[in-house]
Amino acid sequence: MSSPDATPLRAIVLILIGMACISVNDMLIKFLSGGYALHQMVFIRSVIGIVVTSVFVWFEGGWQILKTDRPGLHLMRAALIVSANMLYFAGLSVMPLGVATALFFVAPLFITLLAIPVLGEKVGRHRLTALLIGFVGVAVMMLPANDWSEIPRAAMLLPIIAAACYAGMQVMTRKLGAKSAASAMAIYIQLAFIVVSVVSFFAVGHGRYAEGVESESLIFLLRAWIWPAPDDIWKFIVLGVTSALIGYSLSAAYRIGNAATVASYEYAALPMAIFLGWLVFGERPGWVMLLGTALIAGAGLYVFARERRSSGIGPAAERPIRRG
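Quick caveat: nothing in here was measured; it's all calculated off a predicted structure. The residue numbers shown here count from 1 along each chain, following its written sequence. Local features in a predicted model are, by the rule used here, given only for residues with pLDDT of at least 70; side-chain atom pairs are given and counted only at 80 or more, and totals for whole chains, interfaces and linings are based on all residues. Each side-chain value is worked out from all heavy atoms of the structure, with water and hydrogens disregarded.

## Details of the overall build of the protein chain
Here is step 1: When helices and strands are counted, the protein chain shows 13 helices and zero strands.
Here is step 2: Helix and strand labels come from DSSP, where a helix needs a run of H or I of at least four residues and a strand needs a run of E of at least two; each type is numbered from the N terminus. When the helices and strands of the protein chain are placed in sequence order, the string is α-α-α-α-α-α-α-α-α-α-α-α-α.
Here is step 3: Taken across its 324 residues, the protein chain has 55% of its residues classed as buried.
Here is step 4: Any two residues having at least one pair of non-hydrogen atoms within 4.5 Å are treated as being in contact. When contacts within the protein chain are restricted to residue pairs at least 6 apart in sequence, those whose partners lie at least 24 apart make up 86%.
Here is step 5: Carbon and sulfur atoms make up 69% of the accessible area of the protein chain, which totals about 14,100 Å². For the exposure calls, accessible area comes from a 1.4 Å probe over protein chains only, and a residue counts as buried if that area is under 20% of its type's maximum, exposed if over 50%, partly exposed in between. Each accessible area is a Shrake-Rupley estimate made with a 1.4 Å probe; only the visible protein chains count as cover when residues are assessed.

What follows is the structure in structure tokens.
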């Protein structure tokens, strides 16, 4: 483990590339959410992503690295990360990009909170105070007097529940001590997305269950599969490539850099998401959004700083915020 101040520039560049890819990925999914079913988008993205990730597998040792003696663990991890993605993207379809991103960034706070009963770790008053401030930020963003008051509060809960699913996956992985090559774990996740998407296609891909539904998030989940329009094909290709790059760049960054230091750079995704939301969708952040975002980000960064100061490792800093 490198010292907290010894994170190479390469690790910082890689984490910033990963955050940029996440922002572009989220923007494209939101952009395409009005015409395609979520499970169709995830299927196409994952098929392209698994092809690109296979190249990383080849360079990291070949197909033998896909062998594992913990298939059950990988299955549980995959189920949680798929749930986190589906819930997050369903919420993203009906709210500003910056809002969804900020709400999902309560994941490090959930990880720290779950570490108390699950891992038996002691969390001092400083981090408990940061947790409280972070969740106050969530409450602020859900106030009725904001710039997106027309969005159902149930929909705004989706990124938060997604963050909880992600946190559960991270804490479970730490508790069970699963170890595998980064590219192999990326392959497992991509395969899980493909399986869930195919099952969704046979269950709801005909689109009949979307008839008469008013919730845009549910329509996004139940809409019929259609052949992508020629102008949208390149967008799906970019989705697949960014999905693969997210897994690789974040894993590489955490492999060569100090975990707590690298994790703090993940918050670069917040201004990126706000900028893309303004540039592509004309979403202008109001004071409520900026205040809530600042509270959530500040709390998360403080948690990382405390872990870095104490030991440089911990449940909230050990692994990246990964939705790709």
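## Some thoughts on the packing of helix 4 (residues 97-104) against helix 12 (residues 269-281)
When two helices pack together, you describe them by how their axes are tilted relative to each other and by the distance separating the axes.
Here is step 1: Where helices are involved, their axes are fitted lines through C-alpha atoms of the stretch in contact, as for all axes, and angles between N-to-C directions lie from 0 to 180°. Close contact between helix 4 and helix 12 brings their axes to 7 Å; oriented N to C, the two are set at 160°. When the axes of helix 4 and helix 12 are compared, the pair comes out roughly antiparallel. Seen from above, helix 4 lies across helix 12 with right-handed handedness. Contact residues: Leu97, Gly98, Thr101 and Ala102 in helix 4; Ala269, Leu270, Ala273, Ile274, Leu276 and Gly277 in helix 12.
Here is step 2: Amino acids are sorted into nonpolar (Ala, Val, Leu, Ile, Met, Phe, Trp, Tyr, Cys and Pro), charged (Asp, Glu, Lys and Arg) and polar (every other residue, Gly among them). Per-class residue counts for the contact of helix 4 with helix 12 are seven nonpolar, three polar and no charged. Here is the rule for angles: anything less than 35 degrees is roughly parallel, anything more than 145 is roughly antiparallel, 65 through 115 is roughly perpendicular, and the remaining ranges are oblique. Crossing handedness follows the turn of the near helix against the far one: under a right angle anticlockwise gives a left-handed crossing, and clockwise gives a right-handed one.

## A few points about a nonpolar patch on the surface
Here is step 1: Only residues whose relative accessible area exceeds 30% and that form no salt bridge are eligible for patches; like-charged ones are grouped when within 9 Å, while nonpolar side chains (Val, Leu, Ile, Met, Phe, Trp, Tyr) are grouped when within 5 Å. Salt-bridge detection follows one rule: a side-chain nitrogen of Lys or Arg within 4 Å of a carboxyl oxygen of Asp or Glu. Together, Phe31, Phe275, Trp278, Leu279 and Val280 give the surface a local cluster of nonpolar side chains, amounting to about 490 Å² of exposed area.
Here is step 2: With respect to the helices and strands, the residue Phe31 is situated in helix 1 (residues 9-32).
Here is step 3: For Phe31, a relative accessible area of 45% translates into the label partly exposed.

## Some points on the confidence of the model for the protein chain
Here is step 1: Averaged over every residue, the pLDDT of the protein chain is 83; residues scoring 70 or more account for 86%.
Here is step 2: Each residue carries a pLDDT score, the predictor's confidence in it, ranging from 0 to 100. Mean pLDDT across the elements of the protein chain ranges from a minimum in helix 11 (residues 259-264), with 74, to a maximum in helix 12, with 93.
Here is step 3: Segment residues 1-6: pLDDT under 50, and nine contacts once partners within four positions in sequence are set aside and those in other chains are kept.
Here is step 4: With pLDDT under 50 throughout, residues 312-321 is counted as low confidence; its partners more than four residues away or in other chains account for 47 contacts.

## Remarks on the packing of helix 1 against helix 12
Here is step 1: Contact pair helix 1 / helix 12: the axes reach a minimum separation of 9 Å and the direction vectors enclose 35°. Note that helix 1 runs across helix 12; the crossing there is right-handed. In this structure, helix 1 uses Leu16, Met19, Ala20, Ser23, Val24, Met27, Lys30 and Phe31 to contact helix 12, whose residues at the interface are Ala269, Met272, Ala273, Leu276, Val280 and Phe281.

## Concerning helix 4
Here is step 1: Counting buried residues in helix 4 gives eight out of eight residues, a clear majority hidden from the surface.
Here is step 2: Those residues of helix 4 that sit buried are Leu97, Gly98, Val99, Ala100, Thr101, Ala102, Leu103 and Phe104.

## As for the nonpolar core
Here is step 1: The biggest cluster of nonpolar side chains holds 73 residues, and the ones touching the most others in it are Leu103 and Tyr166.
Here is step 2: Once residues within four sequence positions are removed from consideration, Leu103 is found in contact with Met95, Val138, Met141, Met156, Pro159, Ile160 and Ala163.
Here is step 3: As used here, the term nonpolar core means buried Ala, Val, Leu, Ile, Met, Phe, Trp, Tyr and Cys residues forming a set that is joined through side-chain atoms within 4.5 Å. Of all hydrophobic cores here, the second largest spans seven residues; its members include Ile50, Val57, Tyr188 and Ile194.

## Points about helix 12
Here is step 1: Under the convention used throughout, the expected extent of a helix is 1.5 Å for every residue step, that is, one less than its residue count. The end-to-end C-alpha distance of helix 12, which contains 13 residues, comes to 17 Å, matching closely the 18 Å that a straight helix rising 1.5 Å per residue would cover.
Here is step 2: Gly282 sits one or two residues past helix 12 and shows a positive phi near 70°.

## Section: the environment of Val280
Here is step 1: Summarising the element assignment, Val280 is placed in helix 12.
Here is step 2: Residues Val280 and Phe31, 249 residues apart in the sequence, show an inter-C-alpha distance of 8.5 Å.
Here is step 3: Sequence-distant contacts of Val280, that is, excluding residues within four places in its chain, are made with Met27 and Phe31.

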